[in-house]
Each structure stands twice: as structure tokens, then as C-alpha cells.
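As a plain string of letters, each chain reads:
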Amino acid sequence: MKIAVLGAGIVGITTAYQLLKDGHQVTVIDREPEPANFTSFSNAGLVAPGHAYAWASPAAPGMMWRSQWRNDQAIRFKPRLDTRQWSWIRKFLSECTAERAVINTRNKARLSIYSQQMLNEVGAETRLPYDRVSGGLLYFFRTPASFERGSKKADLLRNAGIKIDTLSSDEIIAKDPGLRPAAQQIAGGLYVKSDEGGDCRIFAHGLAEKCRAMGADIKLGTTITRIETRNGEVTHVETSAGRIAADAFVLALGVFSPDLAKQLGIRLPVYPVKGYAMTIPISDKSKVARLGGVDEDNLLAYCPFDGRLRVTATAEIAGYDNSHKPSDFRVMKDRTARLFPEGLDWATASYWAGLRPMTPTAMPIVDRSPISNLWLNTGHGHMGWTMSNGSARILADLIGQRRPAIDTEGLRYEH
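Our subject in this report is the structure included herewith. (Residues numbered from 1 in each chain as written. Predicted model: local features only at pLDDT ≥ 70, side-chain atom pairs only at ≥ 80, totals over all residues. Heavy atoms only, no water.)

Looking at the overall build of the chain
- In terms of regular secondary structure, the chain is built from eleven helices and 20 strands.
- Over its C-alpha atoms the chain spans a radius of gyration of 21 Å, differing by no more than 12% from the 22 Å that the globule rule assigns to 415 residues.
- Each principal axis of the C-alpha atoms in the chain carries an extent, and together these give about 65 × 45 × 40 Å.
- Relative to its full complement of 415 residues, the chain shows a buried share of 59%.
- Excluding contacts between residues fewer than 6 apart, the proportion of contacts in the chain whose partners are at least 24 apart in sequence is 76%.
- Entry remark: accessible area of the chain is about 17100 Å², with carbon and sulfur atoms responsible for 50%.
- When the 52 positive and 43 negative side-chain charges of the chain are each reduced to one mean point, those points stand 2 Å apart. (Helix = DSSP H or I, 4+ residues; strand = E, 2+ residues; numbered from the N terminus. Rg over C-alpha atoms; globule rule 2.2 N^0.38 Å. Buried < 20%, exposed > 50% of the residue type's maximum accessible area, 1.4 Å probe, protein only. Contact = heavy atoms within 4.5 Å. Areas by Shrake-Rupley, 256 points an atom, 1.4 Å probe, with all protein chains shown as cover. Lys, Arg positive; Asp, Glu negative; His and termini not counted. Charge placed at Lys NZ, Arg CZ, Asp CG, Glu CD.)

Below, the structure is given as C-alpha cells:
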């Protein structure tokens, strides 16, 4: 079957790879000049089933409210005259109950575990280098109270089958001596040996080349302007490079998926949540983290790649603006410098802001749309790297009329 994948981020490229493995003829279309050049460009780099908590929780509304006068909140809400934003907020707040948080976390963990298995399978098949960081991830807390809460919360993921160890401050430092300068700031933490890290963009670039070698036609710098239907099926997409027809289409355009779906009367509950990232060259790796992790009290994620440290923070519900200015990184820079006061070359650091395609449940939509030959693989939020390979395999199985390897609860399109 000839299949057009709309989008060349990490989700689109992994989808193309799985479809090619199944013997389909694949075309990938994206407006960017390179794969993984938008949301996937500078993400945290963590492959973290051990941190697969739903963002919608009883604590989230309070953070959003405090963000109206404080800029240090992990989740910030900037109201706009945008009906889509308010519709999304209403649905998000409805998910912020303890009961829904448990359900969404359970679903998210199941997909994340499976997706990591698929990442490892694809890695073994392709031998792609992507600055992989193995050895586990650390999730540490700054106060005894937050440490206690975090330890109890981790039972949600332990019940999903993830092994999570509770470590004292000294044990955290022993696990990663790069955190020694911050020892007095750490009350304790959690360690997930099976979690890992790696550069999502490098992986996507390498996998795109594998896809080309397998026969994929990857059309970059090509803007999709319209999707056309006839007799209840999509016939082709209009692009800046002309008309592209296929037997089936996969919508994997991240935050732009709702715009194209709207042309067909399909409403997708996907809205951008802005995140900020810094990439700082490492001048002395003995003084910087060896493992990736999260400063849980500040929701500051970090991952050491080959010669550089990636740091990400903040979830800002503020529309489609992905611009940034130096002051946006002030709090991040201060907190990172306190963790790693030496070993980083701040003079040559680079800064970036991106838009995560978030659903209210933080679960992607991986399903057939109401149009029979249009498939959806979008809305992966802040864990697109973690969840991409599994989502791609699930979608390929659905297209091939095979039962997916895991339960798809939480992934289905709701009419």
C-alpha cells in the first residue's frame, strides 16, 4: 500500500520506518528543511517510563493559578483570546482529579514501557548512534516532604511494572558523583535503572536515512496546504510541491495536526505547551552529571550527551508563539548553575523554545480517524521521544489490521 506520512518529526520518522518494515511504499512530507527540526529539535533527551506521570493532577490548577504572578511555576498559564485554548483548558482541568491522574498515568506508563522496548529493537536493527546514555535516570527531591510525597507517588509506576529504587542523598551522589556540588540541596531521590537518555534529533536524522535506504521518498521543505477527500476517503494532499496522492495517510504533524484535521471536520484536542531548552557545552565532564535526571521540585530535566548538557524546563500554555528572549532562561540558568557550578561553558550555550503537542490526558491519539484511510499519530506532548517508537508500531499494526502488542486504552480517537 502507498502511504503518505504527514510530518517528519520523531513520530513521523518512526512511523515511516515501521510502515516500511511492513512492506508499504512510504512518502514523508514536512515543511521543515530537516527531519526533527521543530518540536523534536531540542527536547530533554530522556527516555523515561519511570517518569510517565500525567501532567493533569490535583496539583496542576494551583501551579497554573500561581503562574499569573510568579514565573517560577513548572506549569504556566497565559490566557489568550483563543477559543481553542479555553476548550483545551476546560478538558485539561477535568482530568486534574486524583482518579483521572491514576488512570492517565497507568496508560502513559504502559505505552512508555512498550515504546522503550521498541526503541531498543529499532536500535538493534539499525545500529544508529544517538549519544545514548544508559545506566538509569535519577529523580531527586530538595526537601524531606517532597521526597516523601515523590516516593509514595512512585507506587503508581511501580504498580505498572517499573522497578524504582529509593535512594538517600548519599546514595544519589554515589550513583552520580557529578551531583556532589549539589549534595546539600538533595534530600533523597528515586533511581530507575531501566530508564535512559539520548539525542532524539540525531536518532531521527539517522532513522530518516535508513528510511531513504529502504525506499522512502522524504519530501522536506514541502508545506502541506490542504487535504482533499472524495466519497469519504482522502485522495491527496495539496502541497507547495504539488499534489501528492496515496492509498492511506498518517497525520503526524504535532501541534499543527488540528489545523489540517479541521478541514475535514475532525476536532483534535491537541494544543501547544511551550517548553524551554538550553544546550551547554561541557568543559570538564568530571564535574557534570554522568546520568540524566530530573530536579523534581523544579521540574528541571537534564541529560548529558557527548560533550554537551541538555537542560529543559517549564510547561507554558500560551498559544503558538515559540519565540524566546534571554530573560526566559534566567530561572533555568540559575538552577542549573547551582547544580553544576563548574564544568560547563556557559559562554557558548545555545537556547531554544519549542511547542509540545499536548492532549489533556497527556496521551497521544494513535488510531484511525472518522475518515477510513486517514490515520492519527499525534499529541505526544513532552514524552514524544519516549513514546514515539511504540506509537509507530501500534499504528503500523492497526493499518495492517493486526492486534497491537499492548492495550490501546487512552490512545483512541474520541468522536
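Some points on the nonpolar core
- Counting 65 residues, the largest nonpolar core has Leu 19, Val 28, Leu 46, Phe 203, Val 250 and Trp 385 as the members making the most contacts within it.
- Top element by residues in this core is helix 1 (residues 10–21). It accounts for seven residues.
- Excluding anything up to four places from it in sequence, Val 250 contacts Ile 3, Ala 4, Val 5, Leu 6, Thr 15, Leu 19, Trp 375, Asn 377, Leu 395 and Ile 399. (Core = buried A, V, L, I, M, F, W, Y, C linked by side-chain atoms within 4.5 Å.)

Here's the deal with empty space enclosed by the protein
- Overall, the coordinates contain two cavities of 30 Å³ or more when judged by the stated rule.
- Space inside the largest cavity adds up to approximately 80 Å³.
- For the largest cavity, the full set of lining residues is Asn 71, Asp 72, Gln 73, Ala 74, Arg 76, Asn 298, Leu 300, Ala 313, Thr 314, Val 331, Met 332 and Arg 335.
- Residue assignment for the lining of the largest cavity shows that the elements contributing at least two residues are strand 17 (308–317) and helix 10 (330–339).
- At three residues, the largest contribution of residues to the lining of the largest cavity is made by helix 10.
- Every residue along the wall of the second largest cavity is listed here: Trp 55, Ile 75, Trp 88, Phe 92, Val 273, Ala 315 and Ile 317.
- The class makeup of the residues in the lining of the second largest cavity is seven nonpolar, no polar and no charged. (1 Å grid on protein atoms, 1.4 Å probe; cavity = no way out; pocket = protein on both sides within 12 Å on 5 of 7 lines; lining within 4 Å. Points joined across faces, edges and corners; volume = space filled by probe spheres on them. Nonpolar A, V, L, I, M, F, W, Y, C, P; charged D, E, K, R; others polar.)

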